[in-house]
Amino acid sequence: MIIAERKPMDEIKRMLAPYKKVLVAGCGTCVTVCWAGGEKEVAILASQLRLARSAEHNEISIFEASVERQCEREMVAEIKDKVTEVEAVISLACGAGVQTMSEMFEDKPVFPGVNTTFIGMPEKEGLWVEMCGACGDCFLDRTGGICPIVRCAKGLLNGPCGGTRKGGKCEIDPDKDCAWVLIYRRLEKQGRLDLMRNYYAPKNYRAVKRPGRIQAAKA
Amino acid sequence: MNNCIVAFCCEHSAYPAADLAGKLKLHYPENLRIIRVPCAGRVDLIHILKAFEKGAAAVMVMGCEGGACHHMTGNTRTKERVKYCNLLLREIEADGRLVAMFNLSPNAPHKFVGAVNEITKRIKESGR
Amino acid sequence: METKIGVFICNCSGTLNNIDFDAVVKKVVELPGVTSIKFISPLCLEEGKKKMLSCIREENIEKVVVAACSPEFKEHVFREVLENAGLNGHLFSMANIKEQCSWVHEGDVTGKVVELIKMAVSRTRLLQPVKMNNFSVNREVLVVGGGFEAINAALQLSRAGLRTTLLEREAVLGTGTTELENLCGFDINAMVMEVKGDENIEILAPAEVIETSGKIGDFNVRIRKGGEEISRKYGALVIATGYQTKLALESKLKSDVNIVSQEKLCHMLEDPELRIRPRTIGFMLDFADENSRLPTLATLNNALAAKRKWGSEVYVFCKNVKVDSERIERLYQEARDCGVMFLKSDVSPKVAAENGKIKIEAKDIFLGEDINLTCDVLVAEECLLPAEETEALSSILNIRRDSRGFYQDENVHLYPVASEKKGIFFIGGCRGNLDLSRVLTDVSSVVVSIYKLLSSGNILAEVERVKVDPQKCVACLTCIRICPHNAIQLVRVDGGKEVAEICDLACEACGICAAMCPAKAITFQGYRDEEILAQVETIGES
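Predicted model only: the values in this text are computed from it and were never measured. Within any chain, residue numbers begin from 1 and follow the written order of that chain's sequence. For this description, chains carry letters from A and ligands carry numbers from 1, given in the order in which they are written. Given that the model is predicted, a residue must reach a pLDDT of at least 70 before its local features are reported, and side-chain atom pairs must reach 80 or more before they are shown or counted; all residues, however, enter totals for whole chains, interfaces and linings. Just so you know, side-chain values use all the structure's heavy atoms and leave hydrogens and water out.

Undergrad: Any chance you could explain the overall build of chain C here in plain terms?
TA: Helix and strand definitions here come from DSSP, where helices need a minimum of 4 consecutive H or I residues and strands a minimum of 2 consecutive E residues; each element is numbered from the N-terminal end. For chain C, the count of helices and strands is 16 helices and 28 strands. Between the two quantities, the radius of gyration covers C-alpha atoms and the globule rule is 2.2 Å times the number of residues to the power 0.38. A compact globule built from 542 residues would reach a C-alpha radius of gyration of about 24 Å, whereas chain C, at 31 Å, exceeds it by more than 25%. Seen through its C-alpha atoms, chain C measures out along the principal axes to roughly 95 × 65 × 45 Å. Each residue gets one of three labels from its accessible area relative to the maximum for its type: buried under 20%, exposed over 50%, partly exposed in between, using a 1.4 Å probe on protein chains only. Counting only residues that meet the buried cut, chain C has 54% of its 542 residues in that class.

Dropping the structure here:
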């Protein structure tokens, strides 16, 4: 799932400074699940903005709306009426959502209200960890299902480095596990330790053509 | 609501403490408005922020003493939430100390009044 | 059409004399939704309630606001009136104009009273009814454990008419209870015989729980007995898996024959063939484990017995003697009177074995002197630990343990024998409660709680007071992870989309989930966002 976090208020205030009628648009999928851009967060940001602007004696009128997935044109179309009424939109969706909105309403500035940070999973409620770097050339078959590209601080394909701490922790951050120690243990459990002997050539990240485009086979 | 103090009071602790303050005829400022909630854990950021939008001078969230929450984690979670609300206020250059969490037991009317006086002091200090 | 709200005002027999009620009535009458306003005092006595009831009926009032004292005291009284009048008890709010207004402020508070009533009215306009329903429950109980407390609980549950299964890991019941027998004079064998002869009690031993699911009134438990696995259904589970003790000793001293446990000393005291009576006995207490209630009891009992039977010199090295449970204070006094010496030290004394004797070096903080003592027998300190299976069972049941590994009570002050999951209870040793009187209290509280829950075969509970809207739920699992009562589950709606669902029986209506849901999919009747915000928005309007 895509993980995002709310942008600092300063930035949001700066983006919206010239406008008096704004729509705060939430998205009901990934950013709701990661507590960054769902209906609840929309209400909080709207309230915070109103407070900030009224303290500056520069009142702002704010509309709130959320759609199920902001990265779908059809779903974004549902809030068309609200968008036409405002001067600008601040979207709490991921980058894909912001761009979909932007494309749908080209005459309106659509600003990002969150920073889209990574693809991850929850470790517990309220804490998300990065799991996938979307590199486009999945490596997990060789590493026991643990991605060293994002979970190793150095992104090493051939690990561990010499700096693993006691207890299998990372030398850069003692709170984090060394991905390569995790990989070793996982492969050990599966009786596939021989994979550790392989040498993997540097990954050609340019294999991923930007912008990415995927055509499903039978579509 | 010009310059009212909104107090969200847990029905297991702060609310009965406020009742006891009444029974003992302790006095606190008249601008206090108590809203009864089943647990401090029910109080959400939007409730606090809306109170400020409506012109509240300060918002108090009052729950059970640490470790004595009827729902185990209600008061600790809300403490975190109030801390975050502090940040949200500071982000918009408001005085973060005007939202505060207080923990007290139902038999602590003096502590209740003390908390109200404390927040009143903070309001004065912040110049409202 | 707007529902009709009736406002009832009471001045508590004239004790609220700083309010101008005429002015209040004039203002309140103008509020939207208010169709009737009555001043009745005192409202909470029979006559007042009768007037209120007839007014609700005559004027077809649909929702009620009472402006009087605190809901803490009188909410249930007025709710009953509503229900007698055929209204849903949840369509009701109180404005606390006594304790939280009239009595705490000097001077005229009419303005504040009007505002408090306004707040209550604006909340009441939004209130929705909450239905009650009888949920049928399984009346059988599973007791896990085979010790004194488990047997005791099973017997009492059976006497209360609840079919009980006693599940014990060992092949025989009542093992590991010698200490209790010695300390308290219970006849475990007689109790085991009684359990075996009880038609209402089924014994599964040796057996173990391997999986549980479900909720109060309907737990599914998979049990391994012998080579086979069986599935059973129970209405409630009682965990009484007890504790174990470990000698707090350096490893090189463990094999020393002159260093013994309390239990060993008991056997020595009872042994008619014991040839040499120890002349000097030392005890260690409260150094390694501060939760020393049971060790204190054992130490005092055994010290007294040794003194009386053998006439030995007895020294108790301790950090503190904890005399906070029944009988202990008296025992301590008796021990002192008999000449048992208590030596208080901050740090654990040094212990060494020498020529078949035990040398103890300690510093007494009262005497301020070093004490060197050679004794024949040293009774080592015992640390109390949860039974071995505690960890495994807690993960099977999905309930928490405390920092020492014992089961965590839901709230040690309020619901001491309940787990966070409704319908699962703890007794005695497994929750760290070790002395007998407390264990017996535990047994009684658990039996009473379960009797109350299951005896009628039905539990009356509110239906969907706290509810997840499956349309809005994004299955982020936040509520499931944070519910302190373990009352929320992930379910498939009609075999399709996965959403969170709140179990009405297990829900304690705290509203933590409603506050945390990022999709605002959870509504808590009476405390919905709308209802709370309606009050917030009314503040200061006048």
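After that view, the rundown keeps rolling.
Undergrad: Just checking my understanding: could you explain the sheet that holds strand 11 (residues 228-234) of chain C for this structure?
TA: The strands making up a sheet associate through backbone hydrogen bonding, with each pair oriented either parallel or antiparallel. Residue and element names in this part refer to chain C. Strands qualify as paired when DSSP identifies two bridges or more between them. With antiparallel pairing, the three strands of this open sheet are ordered in space as 9-10-11. Bordering the open sheet on either side are strand 9 (207-215) and strand 11, each of which pairs with just one other strand. Averaged over all neighbouring strand pairs, the angle between strand axes comes to 20°, with direction disregarded. Bridge count between strand 10 (residues 218-225) and strand 11: seven bridges; the pairing is antiparallel. Angles run from 0 to 180 degrees between N-to-C directions of axes, and those axes are lines fitted to C-alpha atoms, restricted for helices to the stretch in contact.

Undergrad: Help me understand the environment of A:Glu78 in this model?
TA: Residues and elements named next belong to chain A. Looking at where Glu-78 falls in the secondary structure, it is placed in the loop between helix 4 (73-77) and helix 5 (80-85). For Glu-78, a relative accessible area of 61% translates into the label exposed. Along the sequence, Glu-78 and Val-67 sit 11 residues apart, while their C-alpha atoms lie 7.6 Å from each other.

Undergrad: Would you explain the domain arrangement of chain A in this entry?
TA: Size of an interface, as often reported, equals the accessible area lost when the parts are brought together. What counts as a domain boundary in this text is fixed by an automatic or database domain assignment. Domain assignment breaks chain A into domain 1 (2-117) and domain 2 (133-207). For domain 1 of chain A and domain 2 of chain A, the distance between their C-alpha centres works out to 38 Å.

Undergrad: Quick question: what am I supposed to make of the domain arrangement of chain C here?
TA: Residues and elements named next belong to chain C. Partitioning chain C into domains gives domain 1 (5-130), domain 2 (141-242 + 387-458), domain 3 (251-381) and domain 4 (464-524). When two components associate, each loses some accessible surface as probed by a 1.4 Å sphere; the sum of these losses over both components is called the buried area. Of the roughly 1100 Å² buried between domain 2 and domain 3, counting both surfaces, carbon and sulfur atoms make up 53%. By salt bridge we mean one thing: a side-chain nitrogen of Lys or Arg within 4 Å of a carboxyl oxygen of Asp or Glu. Linking domain 2 with domain 3 are one salt bridge. As a salt-bridge pair, Arg-438 and Asp-324 come within 3.9 Å of each other at their nearest N and O atoms. N or O atoms within 3.5 Å of each other form a polar contact, as long as, within protein, one can give a hydrogen and the other can take it, and as long as residues adjacent in sequence are counted only when both atoms are side-chain atoms. For the interface between domain 2 and domain 3, the tally reads one residue pair in polar contact (both at pLDDT 80 or more). Broken down by secondary-structure element, the contributors of at least two residues to the side of domain 2 that touches domain 3 are helix 7 (178-184) and helix 13 (436-454). Amino acids outside the nonpolar list (Ala, Val, Leu, Ile, Met, Phe, Trp, Tyr, Cys, Pro) and the charged list (Asp, Glu, Lys, Arg) are all regarded as polar, and Gly is one of them. Of the residues in the side of domain 2 that touches domain 3, the class split is two nonpolar, four polar and four charged.

Undergrad: Which parts of the structure should I look at to understand the packing of aromatic side chains?
TA: In summary, the pairing rule links any two rings of Phe, Tyr or Trp, Trp by its six-membered ring, whose centres are within 6.5 Å, and it sorts them by plane angle into stacked for under 30 degrees, edge-to-face for over 60 and tilted for everything else. Enumeration over the complete set of coordinates arrives at nine aromatic pairs over all chains. Considering the side-chain rings of A:Phe139 and A:Tyr200, the 5.0 Å spacing of their centres and the 80° angle between planes classify their relative orientation as edge-to-face. Of this pair, A:Phe139 sits in the loop between strand 7 (127-132) and helix 7 (148-151) while A:Tyr200 is found in the segment after helix 8 (179-190), placing the two residues 61 residues apart along the sequence. Overall, the relative accessible area of 11% leaves A:Tyr200 in the buried class. An angle of 5° between the planes, with centres 4.9 Å apart, marks the rings of C:Tyr407 and C:Phe426 as stacked. Here C:Tyr407 is found in the loop between helix 12 (390-397) and strand 23 (424-426), whereas its partner C:Phe426 is found in strand 23, with 19 residues between them in sequence. Taking relative accessible area as the criterion, C:Tyr407 reaches 1% and is therefore assigned buried. The ring of B:Tyr15 is capped by B:Arg36, whose NZ or CZ atom sits 5.3 Å from the centre of that ring. Charges are assigned to positions over rings by a cutoff of 6 Å between ring centre and Lys NZ or Arg CZ, combined with an angular limit of 35 degrees from the ring normal.

Undergrad: It is not clear to me how the packing of helix 3 (residues 39-55) of chain A against helix 2 (residues 45-53) of chain B should be interpreted in this structure. Could you clarify?
TA: Geometry of a packed helix pair, given as the angle between the helix axes and the separation of the axes. In contact at an axis separation of 9 Å, helix 3 of chain A and helix 2 of chain B are set at 20° when each is read in the N-to-C sense. Between helix 3 of chain A and helix 2 of chain B, the angle is such that the two are roughly parallel. In the packing of helix 3 of chain A onto helix 2 of chain B, the handedness of the crossing is left-handed. Residue-level inspection shows A:Ala43, A:Ile44, A:Ser47, A:Arg50 and A:Leu51 of helix 3 of chain A in contact with helix 2 of chain B, the latter providing B:Leu45, B:Ile46, B:Leu49, B:Lys50, B:Phe52 and B:Glu53. Any angle that falls under 35 degrees is termed roughly parallel, while one over 145 is termed roughly antiparallel, one within 65 to 115 roughly perpendicular, and all others oblique. By definition, turning the near helix anticlockwise from the far helix through less than a right angle yields a left-handed crossing, and turning it clockwise yields a right-handed one. Two residues form a contact once any of their heavy atoms are found within 4.5 Å.

Undergrad: Just checking my understanding: could you explain the interface of chain C and chain A for this structure?
TA: The partner chain A presents 12 residues to the 12 residues of chain C that form the contact. Taking both partners together, chain C and chain A bury about 990 Å²; carbon and sulfur atoms supply 62% of that area. Scanning the region where chain C abuts chain A turns up one salt bridge. Measuring nitrogen to oxygen at the nearest pair gives 3.2 Å for the salt bridge that ties A:Glu39 to C:Lys472. Here chain C and chain A share five residue pairs in polar contact (both at pLDDT 80 or more) between them. Counting only elements with at least two residues in the side of chain C that touches chain A, the list comes to helix 14 (478-482) and helix 15 (512-516) of chain C. For the side of chain C that touches chain A, a count of residues per class yields eight nonpolar, one polar and three charged.

Undergrad: Just checking my understanding: could you explain the pattern of salt bridges for this structure?
TA: A side chain with one charge can pair with a side chain of the opposite charge if their charged atoms come near. For the structure on display, the rule yields 51 salt bridges over all chains. Close ionic contact of A:Lys176 with A:Asp173 constitutes a salt bridge, the shortest N to O distance being 3.6 Å. According to the relative accessible area criterion, A:Asp173 is partly exposed, its value standing at 22%. Beyond isolated ion pairs, a larger network of salt bridges with shared partners links B:Glu11, B:Arg36, C:Glu72, C:Glu75 and C:Arg79.

Undergrad: Just checking my understanding: could you explain the interface of chain B and chain C for this structure?
TA: Tallying the contact residues gives 45 residues for chain B and 47 residues for chain C. With both sides pooled, the region where chain B packs onto chain C buries about 4000 Å², and carbon together with sulfur makes up 57% of that total. Counting the surface chain B buries against chain C, the share from its top three residues, B:Arg36, B:Arg42 and B:Met72, is 18%. Counting across the chain B and chain C interface gives five salt bridges. Elements that contribute at least two residues to the side of chain B that touches chain C include exactly strand 1 (5-10), helix 1 (14-23), strand 2 (32-37), helix 2 and helix 3 (74-91) of chain B.

Undergrad: Is there a simple way to explain the pairing of strand 1 of chain B in this structure?
TA: The side chains of a regular strand alternate between the sheet's two faces. Residues and elements named next belong to chain B. Burial within strand 1 is extensive, with six of its six residues counted as buried. Here strand 1 shows a buried face lined by Ile-5, Ala-7 and Cys-9 and a second buried face lined by Val-6, Phe-8 and Cys-10. Examined bridge by bridge, strand 1 and strand 2 share six bridges and lie parallel to one another. For Val-6, the partnering residue across the bridge sits in strand 2 and is Arg-33. Orient the strands so they point away from the viewer; a crossover is then right-handed if the path from the first strand over the helix to the second runs clockwise. For the segment spanning strand 1, helix 1 and strand 2, crossover handedness is right-handed. Pairing of strand 1 with strand 3 (residues 58-63) involves five bridges; the strand directions are parallel. Along strand 3, the bridge assignment pairs Cys-9 with Met-62.

Undergrad: Would you explain unusual backbone geometry in this entry?
TA: Note: most residues except glycine have negative phi, and most peptide bonds are trans. Residues and elements named next belong to chain C. Here the amide bond leading from Ser-41 into Pro-42 is cis, since omega sits at -5°, within 30 degrees of zero. Considering the arrangement of structural elements, one finds Pro-42 in the loop between strand 2 (34-39) and helix 2 (46-58). Along the chain, Ala-205 connects to Pro-206 via a cis peptide bond; the corresponding omega equals -5°. Considering the arrangement of structural elements, one finds Pro-206 in the loop between strand 8 (201-204) and strand 9. The backbone of Lys-520 shows a phi angle near 50°, a positive value even though the residue is not glycine. Tracing the sequence through the fold places Lys-520 in the loop between helix 15 and strand 28 (522-524). Looking at Lys-520, the relative accessible area reads 22%, which means it is partly exposed.

Undergrad: Teacher, can you tell me more about helix 10 (residues 293-310) of chain C here?
TA: Every α-helix carries 3.6 residues per turn, so stepping three or four residues along brings you back to the same face. Residues and elements named next belong to chain C. To estimate how far a helix should extend, the number of its residues minus one is multiplied by 1.5 Å. Look at helix 10: 25 Å from first C-alpha to last across 18 residues, which is about the 26 Å you get at 1.5 Å a residue. Burial runs high along helix 10: 14 of the 18 residues are buried. Phi turns positive one or two residues past the end of helix 10, at Gly-311, with a value near 65°.

Undergrad: Please clarify how the sheet that holds strand 3 of chain B should be interpreted in this entry.
TA: Strand order in the open sheet made by the four strands is 2-1-3-4 (chain B), with parallel pairing throughout. Of all strands in the sheet, those bounded by a partner on one side alone are strand 2 and strand 4 (99-103) of chain B. Averaged over all neighbouring strand pairs, the angle between strand axes comes to 20°, with direction disregarded. Its contacts with the sheet place helix 2 of chain B against strand 1, strand 3 and strand 4 of chain B, and it is angled at close to 150° to strand 3 of chain B. Contacting strand 1 and strand 2 of chain B, helix 16 (residues 529-538) of chain C runs over the sheet at an angle of about 175° to strand 2 of chain B.

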